[in-house]
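Listed below, chain by chain, are the residues.
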Amino acid sequence: MKKTALIAALMIASSLTGVAAAQTAASAPAAATAQSAQARADALVKQMTLDEKLQLIHGYFPPLAKPVPPIAMIPSAGHIPGIPRLGIPTLRESDASLGVANQVEQRKGDVATALPASIATAATFNPKLAYEGGAMIGAEARAKTFNILLAGGVNLTRDPWNGRNFEYLGEDPLLAGTMVGEHIKGVQSNHIVSTIKHFALNSQETGRNVLDARIDKAALRESDLLAFQLGIEIGQPASVMCAYNKVNGDYACENDWLLNTVLKQDWAYKGWVMSDWGAVHSTEKAAIKGLDQDSGQELDDQMFFDTKFADAVKAGRIPMSRLDDMVRRIVFGVIDSGLMDQAVPDSAQPIDYAAHALVAQKAAEEGIVLLKNDGNLLPLAKTAKTIVLIGAHADVGVLSGGGSSQVRSVGGAPVEIPLTKGAAASFARITWHASSPLKAIQALAPNAKVTYIDGSDPKAAAAAAQGADMAIVFAWAWRTEAQDPESMALPDNQDALIDAVAGANRKTLVVVEAGGPVLMPWVSRVPAILQAWYPGQRGGEAIANILFGDVDPSGRLPITFPVGVDQAPRPEPMGLAELHAAEARRDAGDKTVYGMSGGVASFPVDYPEGADVGYRWYAAKNAKPLFPFGYGLTYTSFHYANLKVADGTKLSVSFDVTNSGQRAGADVPQLYVEAKSAAGTKAYRLAGFEKVWLKPGETRQVSLTVDPRVIARFDEAKSGWALDAGNYKLRIGHFAGDAALTGSARLDAVALKP
Ligand code: BGC
């Protein structure tokens, strides 16, 4: 499907805005609720006609779909008509990583609460906030009559430049898996469905529809798959979304090993596998290898799960038992999530946006990371007389990440810049949320003169900054789904801007609004740096609260920040040459360059780092990053003591955390255990963490119990986790590589199912 057709189609679809399509779900059959979800699903499948079964296994993409006869669909990601006579509701799918999405405002005027980027939520290291964010999104989705949320992005950050890092939860499987599980649990607490996505190894955006991600299977189990496994166990998502890319030769949505062996057999997953949008490449192969539902079918090169599928079943090429299994899984998920018995309302319901904004603000406040604070430049006294804000439209708002996760936030978009080229051009705009740092700072320091200058002229900015009590440069780097940046440097001459301002005023703070790390050549020349990520629709307020110390910064980095790109396993996106070749052909008028692949030919991407993702890679290479995983400063200080280890068959540790500073604050003590991977490499792995709030002088004992899989190796031959008997070195630290307390544990051998 031509991507350029998308915008036009979206605009036509938007004329349907406000038409709340009739909710086809009849009330659930009485007395059914007492049966197990599995038994109910079985019974329903037995009552279905062939056409009814076939209806459930493929979804429309509303902007492009032309069903006959026409049906009312809300402009959004997907629509699957229900079966009213059996009480099976129509499935209305919306993207929902950071809020109920509304890309390119396809539903005119329909706003929702925008959380900060998921990476900011990961940086809170606070699973409770991940849950609350999910619960908030789920409540808004339900009130807007959506019942399937395309949420739960948990691809591990393998490359610091990946365009979609902002939508994910960092580089560590324990942290990411825990946070995504809680988020999904929150979404599904509204009796609607959440996915977990993108299964698996969709680690870069360049060529995502064609690339072949190659990795050792055991290494994948110990890293990305472990994050999914933990997330599924904690969150019980009703659906898993398979990814665009190939994994070891086969597309993820027709990958026998991923879908049938790992997910459905080893993990005994009972829900359904839905494809990513435009990720299906076959009928029989996909069905047999484990795909249960084709999503947004109009985006595939052909509609593989429509009449082609019916023909394949009728001809016996796909057994009826497999179709039954697909449908049973979908219906099971719908029942198990509670959706079957608590249908979403027929029409839009009121939403308490004021209360929800506080959820977004809290996540931003706990997720913003203070990276540098020389001479205790922060917190800034409210008696400051002059504060100069520079750049990034800080007078009106804060930046958001782009792509299918884009929320049209409450308050609208004060700045929106359309894209003129690139794979994201048809569905993304560079968008700011209406949360003005200028107004928020002014509100907290009513007697100060707070001014704004746009930063386009470094000299003018430096002149404005001179003599101010504080100069704050807002640096920005936009990231989006479907594209990777070709450089990690700040765009638009911002490095020169920061240098000029820091040269003019010693009291310069840089607030970075970015989806992950950016290069900071000026790091030693500015005294203070705040990593604000994309802080969501209350980001301005959150930044101001941290700036003045109304909130103590407590975010910790969920990914390692490199000094330079050469420190990362891959210095730039793979496949850039293929991408540029396709773009050149298109620019020369080649009309065959279209579709989800954008004309890019398939290419391999190797992940030789295996399970040693992120901080483990830096440790293996003996490389010192700019800022390590787990790192973040506060306005107070924390001290650890009295490590106690209980070992044997299960490892648990306890230790005391003391707030040794002058202010109340929150700390995230981290337990790292040295473990051996299947590949034979040794690395300290994050094995536990907890967020603790302490008053000055207060001490609390923290106890952490270790999930053995986090420190085990995966034995592919025996198909299970193996924890070898022996001595394991432990560290309690403030970040990866820190060894504030050290110890060791004697562990017995443990073999665990996969
Ligand atoms: C993205 C998914 C998203 C889907 C539907 C795809 O391009 O990869 O994350 O849920 O579109 O919008």
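Thresholds, definitions, all that
- Residues numbered from 1 in each chain as written.
- Predicted model: local features only at pLDDT ≥ 70, side-chain atom pairs only at ≥ 80, totals over all residues.
- Heavy atoms only, no water.
- Helix = DSSP H or I, 4+ residues; strand = E, 2+ residues; numbered from the N terminus.
- Rg over C-alpha atoms; globule rule 2.2 N^0.38 Å.
- Buried < 20%, exposed > 50% of the residue type's maximum accessible area, 1.4 Å probe, protein only.
- Contact = heavy atoms within 4.5 Å.
- Lys, Arg positive; Asp, Glu negative; His and termini not counted.
- Charge placed at Lys NZ, Arg CZ, Asp CG, Glu CD.
- Near = heavy atom within 4 Å.
- Polar contact = N/O pair within 3.5 Å; in protein donor to acceptor, adjacent residues only side chain to side chain.
- Areas by Shrake-Rupley, 256 points an atom, 1.4 Å probe, with all protein chains shown as cover.
- Pairing = 2+ DSSP bridges.
- Phe/Tyr/Trp six-rings, centres within 6.5 Å; stacked < 30°, edge-to-face > 60°.
- Lys NZ or Arg CZ within 6 Å of the ring centre and 35° of its normal.
- Domains from an automatic or database assignment.
- Buried area = accessible area lost by both parts, 1.4 Å probe.
- Salt bridge = Lys/Arg side-chain N within 4 Å of Asp/Glu carboxyl O.
- Nonpolar A, V, L, I, M, F, W, Y, C, P; charged D, E, K, R; others polar.
- Disulfide = S-S within 2.5 Å.
- Axes fitted to C-alpha atoms, helices over the stretch in contact; angles between N-to-C directions.
- Parallel < 35°, antiparallel > 145°, perpendicular 65-115°, else oblique.
- Left-handed = near helix turned anticlockwise from the far one by under 90°.
- Core = buried A, V, L, I, M, F, W, Y, C linked by side-chain atoms within 4.5 Å.

Caption draft 1: Representation of the overall build of the protein. When helices and strands are tallied, the protein shows 20 helices and 31 strands. Compactness check: the protein gives a C-alpha radius of gyration of 25 Å against a globular reference of 27 Å for 754 residues, within 12% of the reference. If you line up the protein on its principal axes, its C-alpha atoms span 80 × 60 × 55 Å. Looking at the protein as a whole, 64% of its 754 residues qualify as buried. Put simply, 77% of the contacts in the protein that link residues at least 6 apart link residues at least 24 apart. Side chains of the protein carry 71 positive and 78 negative charges; the gap between the two charge centres is 2 Å.

Caption draft 2: Examining the site of the ligand more closely. The local shell around the ligand holds 13 residues, among which Asp95, Arg164, His198, Asp276 and Glu481 are the closest. In this structure, an oxygen atom belonging to the ligand sits 2.7 Å away from a side-chain N or O atom of histidine 198. Within the side chain of aspartate 276, one N or O atom sits 2.7 Å away from an oxygen atom of the ligand. Coverage of the ligand by the protein chains reaches 94% of its 310 Å² of free accessible surface.

Caption draft 3: Focus on the pairing of strand S18 (residues 528-531). Side-chain alternation along S18 places Ala528 and Leu530 on one buried face and Ile529 and Gln531 on a second face that is also buried. As judged from the 4 bridges shared by strand S17 (residues 508-514) and S18, these two strands associate in the parallel manner. Note that in S18 the partner of valine 510 across the bridge is isoleucine 529.

Caption draft 4: Spatial organisation of the packing of aromatic side chains. The full count for this structure, using the stated rule, is 14 aromatic pairs. Where phenylalanine 199 meets tryptophan 267, the ring centres are 6.0 Å apart and the plane angle is 65°; that geometry is what we call edge-to-face. With a gap of 68 residues between them, phenylalanine 199 in strand S4 (residues 193-199) and tryptophan 267 in the loop between helix H9 (256-266) and strand S9 (272-275) connect regions that are remote in the sequence. The burial state of phenylalanine 199 is the same as that of tryptophan 267; both residues are buried. Taken together, the ring pairs in this structure connect Phe125, Tyr615, Phe629, Tyr672 and Phe689 into an aromatic cluster. Its guanidinium or amino end placed over the ring of tyrosine 251, lysine 246 lies 5.0 Å from that ring's centre, counting from NZ or CZ.

Caption draft 5: Representation of the domain arrangement of the protein in the model. Each domain of the protein was delimited in the assignment, giving domain 1 (3-104 + 112-336), domain 2 (356-559) and domain 3 (635-752). Computed over C-alpha atoms only, the centres of domain 2 and domain 3 are separated by 34 Å. The partner domain 3 presents 11 residues to the 13 residues of domain 2 that form the contact. Note on domain 2 versus domain 3: buried area summed over both sides is about 860 Å², and carbon and sulfur give 44% of it. If you look at where domain 2 meets domain 3, you find 2 salt bridges. Among the salt bridges present, the one from aspartate 667 reaches arginine 556, with a minimum N-O distance of 3.1 Å. Our count for the contact surface shared by domain 2 and domain 3 stands at 7 residue pairs in polar contact (both at pLDDT 80 or more). Contributions of two or more residues to the side of domain 2 that touches domain 3 are made by strand S10 (369-373) and helix H17 (539-547). For the side of domain 2 that touches domain 3, the residue count by class is 7 nonpolar, 3 polar and 3 charged.

Caption draft 6: Seen up close, the state of the cysteines. This model, assessed by the stated rule, comprises 1 disulfide. Covalently, cysteine 242 is tied to cysteine 253 through a disulfide, its sulfur atoms 2.1 Å apart. Across the disulfide from cysteine 242 to cysteine 253, rotation about the S-S bond amounts to roughly 110°, and the bridge is consequently right-handed. Here the residue cysteine 242 occupies a position in strand S6 (residues 239-242), and cysteine 253 occupies one in the loop between strand S8 (250-251) and H9, the gap between them amounting to 11 residues. The buried category is assigned to cysteine 242, whose relative accessible area is 0%. What makes cysteine 253 buried here is its relative accessible area of 2%.

Caption draft 7: Representation of the sheet that holds strand S23 (residues 670-676) within the structure. Strand order in this open sheet of 4 strands is S24-S23-S29-S30, and the pairing throughout is antiparallel. Looking at which strands have only one partner, the edges of the open sheet turn out to be strand S24 (682-689) and strand S30 (741-747). Strand-to-strand twist in this sheet, taken as the mean axis angle between neighbours without regard to direction, amounts to 30°. In terms of strand pairing, S23 meets strand S29 (residues 726-733) through 4 bridges, oriented antiparallel. Residue pairing in the sheet places glutamine 670 in a bridge with glycine 733 of S29.

Caption draft 8: Representation of the packing of helix H5 (residues 127-143) against helix H13 (residues 353-367) within the structure. Relative to each other, H5 and H13 sit at 150°, their axes nearing to 10 Å. When the axis of H5 is compared with that of H13, the two are roughly antiparallel. For the element pair H5 and H13, the recorded crossing hand is left-handed. For the pair formed by H5 and H13, the contact residues are Leu129, Glu132, Gly133, Met136, Ala139 and Glu140 on the first element and Tyr353, His356, Val359, Lys362, Ala363 and Glu366 on the second. Residues of the contact of H5 with H13, tallied by class, amount to 6 nonpolar, 2 polar and 4 charged.

Caption draft 9: Spatial organisation of unusual backbone geometry. Residue proline 69 is bonded to the preceding valine 68 through a cis peptide linkage, with omega at -10°. Mapping proline 69 onto the fold places it in the loop between helix H3 (50-56) and strand S1 (78-80). Omega for the peptide link from leucine 378 to proline 379 comes to -5°, which places this bond in the cis form. Along the polypeptide, proline 379 turns up in the loop between S10 and strand S11 (386-390).

Caption draft 10: Examining the nonpolar core more closely. Counting 152 residues, the largest nonpolar core has Phe199, Phe305, Phe309 and Ile711 as its most contacted members. In terms of residues, this core owes the most to one element, helix H12 (residues 320-336), which gives 8 residues. Lining this core are residues from two domains, each supplying at least three of them: domain 1 (3-104 + 112-336) and domain 3 (635-752). Setting aside its immediate chain neighbours within four residues, phenylalanine 199 contacts Leu225, Phe228, Val240, Met241, Cys242, Ala243, Ala252, Leu258, Leu259, Leu263 and Trp267. Ranked by size, the runner-up nonpolar core spans 84 residues in total, among them Phe474, Ala514, Ile543 and Phe627.

Caption draft 11: Main features of H9. Looking only at H9, the buried set comprises Trp257, Leu258, Leu259, Val262, Leu263, Lys264 and Asp266. Backbone geometry just after H9 places alanine 268 at a positive phi near 50°.

Caption draft 12: Seen up close, the pattern of salt bridges. What the rule picks out here adds up to 48 salt bridges. The salt bridge involving glutamate 254 is made with lysine 285; its shortest N-O contact spans 3.5 Å. A residue pair is termed long-range when its members are at least 10 positions apart, and glutamate 254 in the loop between S8 and H9 and lysine 285 in helix H10 (residues 284-289) qualify at 31 residues. A relative accessible area of 8% places glutamate 254 in the buried class.

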